[in-house]
Structure formats: structure tokens, C-alpha cells
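A closer look at the structure
Listed below are the residues making up each chain.
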Amino acid sequence: MSEFNDWYNSVPFFTRYWLTFTIALSIIGRFGVISYYYFILDYYPFIHQFQIWRPITALFYYPIGPSTGFHFLINCYFLYNYSQRLELSMFAGKPADYFYMLLFNWLCCVIIGLLVNLPILMDPMVLSVLYVWCQLNKDVIVSFWFGTRFKAMYLPWVLLAFNLVISGGGVMELLGILIGHLSFFLLFKYPQEFGGPALLTPPAFLKQLFPDTRYVGGFGTAPQSRPTARPGNVFGHNWGRGQTLGGN
């Protein structure tokens, strides 16, 4: 148990609680402790019955069943792996900035979910975070199924194509890519390459709630107007793990 506690406490703050709430609410809904209907995003009860918790629970809840269990585990893996990478690299020492990005992505998911009647938000939210990491680490080589290897910038599109072929889906992945691209553009492209204001700068009260620290991450850099390839190391897993070109 102490080993589990050590591992759990080593997971960065936002990734830890995002994963914890996801597993907890999904299990609660799976065993019917609370009806799953109260967890999903539904326009009528949210707007007309003031069930204001639904946008939050729709992020954390995922229906677990024989046909969805494997996909849930893959989502949890991507959540843990890529959210942790972002939190420990580009947003290292800046918890308010990372939380603000997550908040922006979540609000985009909620708005789209209400417009297109999307009851579960886990898929596009996880893909949006994965997309941001992939854009910050474009030249990292990642491994996918059957030993395929390619640059990280292609991973979101490979996942979209994979789900399109295997399950006839792809809509969730496409929404996650669009949200992640918007977030990445506002965070990095617009202020750095187009000279615009930093539109996703967290407000002062978030900086007070989650103050900056002096921790410096070991990988992941913000894109520059004239980027240069720099090798580096990335930790991860067989699936979605990579190393930069030229790494040994």
C-alpha cells in the first residue's frame, strides 16, 4: 500500500485528481450507486431544472461496459500519460496556467456538447490535452500498435483514423483535435507568431490560489517563430511513448 501511496502522490496535482474523479464516478455509475443519468450532460435538466453539476460530472463520468471498458482504459492511459507530461514540462511550476488551459478546454467541450447533444465529455477533453502535447513535441517519435512509429504531430490523426476504421467513430477525436488546436493557437501561436495578446493568461485570483513555484520541467518547450530541432528525452509507455529524432 505504501508503494501505491508513493506513486499516487508522485502524480502531479491536476492529473492526479482528474484521473481519480474519472475512475471514481465511472465506477459509481457502473454499479448503480447513483444513476448514470445524473452524471451526463443533458440540456433540459441542466438549463431548465438547474442541475448545474452536469457539465462537471459529464467530464469525469464514462460508461463502463463490455463494449466500452477497453476504450475507457485507453482514455485513462492517455489522460495519465499526456496530462502528466504537460503538467511536468511546459506548465512545470505554473499550476494556474495549466488549470486555466484545462478550464478553457472543458468549457469548449461543454459548449459543443450542449450544441450537438454530446452527453459524455471525456473523449474530446483527453484528446485536446494530447493534441497540445503533440504540438509541443512534434518531432518526438511515438510508437503505436503493431510497432508503427511516427512523429508525435501525427498521433491525434492516427487515433482519429484508427477509431474511424475500428468502431466507425472519429467524431469525438475530431472535436478533441479542434479544441486542442484552438487552445494551442491561443496559448502559443497567436501571441508568439502573430504578436497578439496572451488570451489564455490566468486571472490573478487563480495565480493566488495556485501560486507559481520554481520547479523546472525536463522536457517540452513552447514553439518559437523560428524553431530549431533539439533532441531530448520523453518518458512514457509502449503506446504513445517516443524519443526525439536522433535519440539513442
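Below is a short write-up of the structure. (Residues numbered from 1 in each chain as written. Predicted model: local features only at pLDDT ≥ 70, side-chain atom pairs only at ≥ 80, totals over all residues. Heavy atoms only, no water.)

Looking at the nonpolar core
This is how the line gets drawn: Put simply, buried Ala, Val, Leu, Ile, Met, Phe, Trp, Tyr and Cys residues joined by side-chain atoms within 4.5 Å make one nonpolar core. Type-normalised accessible area, obtained with a 1.4 Å probe on protein chains alone, sets the label of each residue: buried when under 20%, exposed when over 50%, and partly exposed for intermediate values. Only DSSP runs of H or I with at least four residues qualify as helices, and only runs of E with at least two residues qualify as strands; both kinds are numbered from the N terminus onward. Contacts: residue pairs with any heavy atoms within 4.5 Å of one another.
Membership of the largest hydrophobic core comes to 60 residues, with the highest contact counts inside it found for W18, L86, M101 and L155. Elements represented by at least two residues in this core include exactly α2 (13–30), α4 (54–60), α5 (69–88), α6 (95–116), α7 (122–136), β1 (140–143), α8 (155–166) and α9 (171–193). When residues in this core are grouped by element, the largest group, 10 residues, is from α7. Not counting residues within four places of it along the chain, the set of residues in contact with L86 comprises F91, A92, Y98, M101, V129, V132, W133 and L136.

Some thoughts on a nonpolar patch on the surface
Counted only if it meets this: Residues enter patches when they are more than 30% accessible in relative terms and free of salt bridges; like-charged ones are connected within 9 Å and nonpolar ones (Val, Leu, Ile, Met, Phe, Trp, Tyr) within 5 Å. All accessible areas in this document rest on Shrake-Rupley with a 1.4 Å probe, and a residue is counted as covered only by the protein chains that are shown. Here, a salt bridge means any side-chain nitrogen of Lys or Arg that lies within 4 Å of a carboxyl oxygen of Asp or Glu.
Judged by side-chain polarity, I23, I27, F31, V33, I34, Y36, Y37, Y38 and W53 come together as a nonpolar surface patch covering roughly 920 Å² of accessible area. By the element assignment, Y36 lies in the loop between α2 and α3 (43–48).

Some remarks on unusual backbone geometry
Positive phi, normally seen in glycine, also occurs at F50, with a value near 55 degrees. Position of F50 among the secondary structure elements: in the loop between α3 and α4. The backbone of N117 shows a phi angle near 60 degrees, a positive value even though the residue is not glycine. Turning to its location among the elements, N117 is positioned in the loop between α6 and α7.

As for the packing of aromatic side chains
Describing an aromatic ring pair means giving the distance of the ring centres and the angle of the ring planes. The condition that has to hold: Think of it this way: a Phe, Tyr or Trp ring, Trp meaning its six-membered ring, pairs with another when their centres are within 6.5 Å, and the plane angle makes it stacked under 30 degrees, edge-to-face over 60, tilted otherwise.
Inspection of the entire model under this criterion finds 25 aromatic pairs. Where F78 meets Y82, the ring centres are 5.9 Å apart and the plane angle is 40 degrees; that geometry is what we call tilted. One end of the pair is F78 and the other is Y82, both in helix α5 and four residues apart, which spans about a single turn. Take F78: its relative accessible area is 3%, and that puts it in the buried class. An angle of 50 degrees between the planes, with centres 5.3 Å apart, marks the rings of F91 and Y98 as tilted. Take F91 and Y98: they sit in the same class, and that class is buried.

Some remarks on the packing of α2 against α5
Filter applied, for reference: Axes here refer to lines fitted to C-alpha atoms; in helices the fit is confined to the stretch in contact. Angles between the N-to-C directions go from 0 to 180 degrees. Convention used here: angles under 35 degrees read as roughly parallel, angles over 145 as roughly antiparallel, angles from 65 to 115 as roughly perpendicular, and any remaining angle as oblique. The crossing is said to be left-handed when, going from far helix to near helix, the turn is anticlockwise and less than a right angle, and right-handed when the turn is clockwise. Following the grouping adopted for this structure description, the nonpolar residues are Ala, Val, Leu, Ile, Met, Phe, Trp, Tyr, Cys and Pro, the charged ones are Asp, Glu, Lys and Arg, and the polar ones are all others, Gly among them.
At a closest axis distance of 8 Å, the pairing of α2 and α5 adopts a crossing angle of 165 degrees. Put simply, α2 runs roughly antiparallel to α5. Both α2 and α5 take part in a crossing whose hand is right-handed. Taken together, the residues of α5 that come into contact with α2 (itself represented by F13, F14, T15, W18, L19, T22, I23 and S26) are F72, C76, L79, Y80, S83, Q84 and E87. In the contact of α2 with α5, the residues fall into nine nonpolar, five polar and one charged.

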